[in-house]
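Residues per chain are reported as follows:
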Amino acid sequence: MFPLCAVRGLTNYPNGDSYDYVFARFMKDNVIIGRIPIDDNSVYWFCSLPFNPKATDEKGWKDPEVIRQSTLELLSDFPQEAQEMIENTDMESLSFTHLRYRAPRDLLMGTFCKGAVTVAGDAMHVMGPFLGQGGSAALEDAIVLARTMAQLGLNNVGSGSKVTIHGVEKAFNQFVKQRRMRTLWLSLQTYLTGMLSGTSLGPKKILYILLFKVLFRNPNGHIDYDCGEL
């Protein structure tokens, strides 16, 4: 798990909001709040904060009112518009999550298919939300898997026809092979970003910054990727 937890919610503005479909993010002392307008009246927001096992009672945070009040306390020094957004949020939309990830080493060494069974999406490479690439990576999985199966002639199988386990297994093995390094680098970049956000100043933070600078010199490298045609 990351040393971070997240609160998410939706706020409705009956008379319209003034955010002009602009994504905004505010950060102070390892607490991050961001908002993304959905339409003229609805805004999705999130708040990321360091996870403190002694101070954070996850059972208590299942109560929407506890989530709202605790978040407001954390954001007391943030802009007034952010506090009002939390205050007026839809209580049923509130959620609290301790952020999780699959360790990059597991992606490098793990087995993600066996026989006629494989996994994809979050089941294969669950990652933190810091790069916004979880859903995109799952769509890439679908394209690569469909292309791999088509290349082996598994796209013309009619209803009731028999498909050899060997053919499906071969397609799945090729799929995992093609996706392993892409998801490994995405997961590693997400991991370092999350650890940077959840670590205070000190040797660990310096180490994460150095690793990030060395391994990910192109800040847009995670989106400048083409998984190929379907």
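Throughout what follows, the structure given in this document is the object of discussion. (Residues numbered from 1 in each chain as written. Predicted model: local features only at pLDDT ≥ 70, side-chain atom pairs only at ≥ 80, totals over all residues. Heavy atoms only, no water.)

## Notes on a nonpolar patch on the surface
On the surface, a nonpolar cluster with roughly 760 Å² of combined accessible area is contributed by Leu108, Met109, Met181, Trp185, Leu207, Leu211, Val214 and Leu215. Of all the secondary-structure elements, those providing two or more residues to the nonpolar patch are α3 (104–109), α6 (165–198) and α7 (203–215). When residues in the nonpolar patch are grouped by element, the largest group, 4 residues, is from α7. The topology assignment puts valine 214 in helix α7. Of the residues examined, valine 214 reaches a relative accessible area of 53% and is grouped as exposed. (Patch = residues over 30% accessible without salt bridge, like charges linked within 9 Å, V, L, I, M, F, W, Y side chains within 5 Å. Areas by Shrake-Rupley, 256 points an atom, 1.4 Å probe, with all protein chains shown as cover. Salt bridge = Lys/Arg side-chain N within 4 Å of Asp/Glu carboxyl O. Helix = DSSP H or I, 4+ residues; strand = E, 2+ residues; numbered from the N terminus. Buried < 20%, exposed > 50% of the residue type's maximum accessible area, 1.4 Å probe, protein only.)

## Regarding helix α1 (residues 64–74)
Turning to α1, its buried residues number three or more, namely Ile67, Arg68, Ser70, Thr71 and Leu72. Check the buried side of α1 and you find it contacts β1 (4–12), β4 (42–50), α2 (80–87) and β5 (95–98). Capping the start of α1 is the job of one residue whose side-chain oxygen sits 3.0 Å from the backbone nitrogen of glutamate 65: aspartate 63. (Contact = heavy atoms within 4.5 Å. Polar contact = N/O pair within 3.5 Å; in protein donor to acceptor, adjacent residues only side chain to side chain.)

## Describing the packing of aromatic side chains
For the coordinates displayed, the defined rule picks out 9 aromatic pairs. Taking 5.1 Å as the distance between ring centres and 85° as the angle between the ring planes, the aromatic pair formed by phenylalanine 2 and phenylalanine 130 counts as edge-to-face. Remark: phenylalanine 130 occurs in the loop between α4 (122–125) and α5 (134–151) and phenylalanine 2 occurs in the segment before β1; sequence separation between them is 128 residues. Judged by relative accessible area, which is 2%, phenylalanine 2 ranks as buried. A centroid spacing of 5.5 Å and a plane angle of 50° characterise the contact between phenylalanine 212 and phenylalanine 216, whose relative ring orientation is tilted. Each member of the pair, phenylalanine 212 together with phenylalanine 216, is buried. By way of ring pairs, the aromatic residues Phe2, Tyr101, Phe130 and Tyr191 are connected into one cluster. (Phe/Tyr/Trp six-rings, centres within 6.5 Å; stacked < 30°, edge-to-face > 60°.)

## Quick look at the pattern of salt bridges
Under the definition given, this model contains 6 salt bridges. A salt bridge links arginine 179 to glutamate 140; the shortest N-O distance between them is 3.0 Å. You can see arginine 179 sitting in helix α6 and its partner glutamate 140 sitting in helix α5, a full 39 residues away along the chain. Glutamate 140 sits in the buried class, given a relative accessible area of 9%. When salt bridges with common partners are traced through the structure, they connect Glu140, Asp141, Arg179 and Arg182 into a single cluster.

## Looking at the side chain of arginine 179
Residue class for arginine 179 comes out buried when judged on its relative accessible area of 0%. A polar contact of 3.0 Å, which involves the side chain of arginine 179, links it to the side chain of glutamate 140. In this structure, arginine 179 is in contact with Met124, Ala137, Glu140, Asp141, Val144 and Tyr225, ignoring residues within four places of it in sequence.

By themselves, these are just geometric observations and shouldn't be taken as functional.
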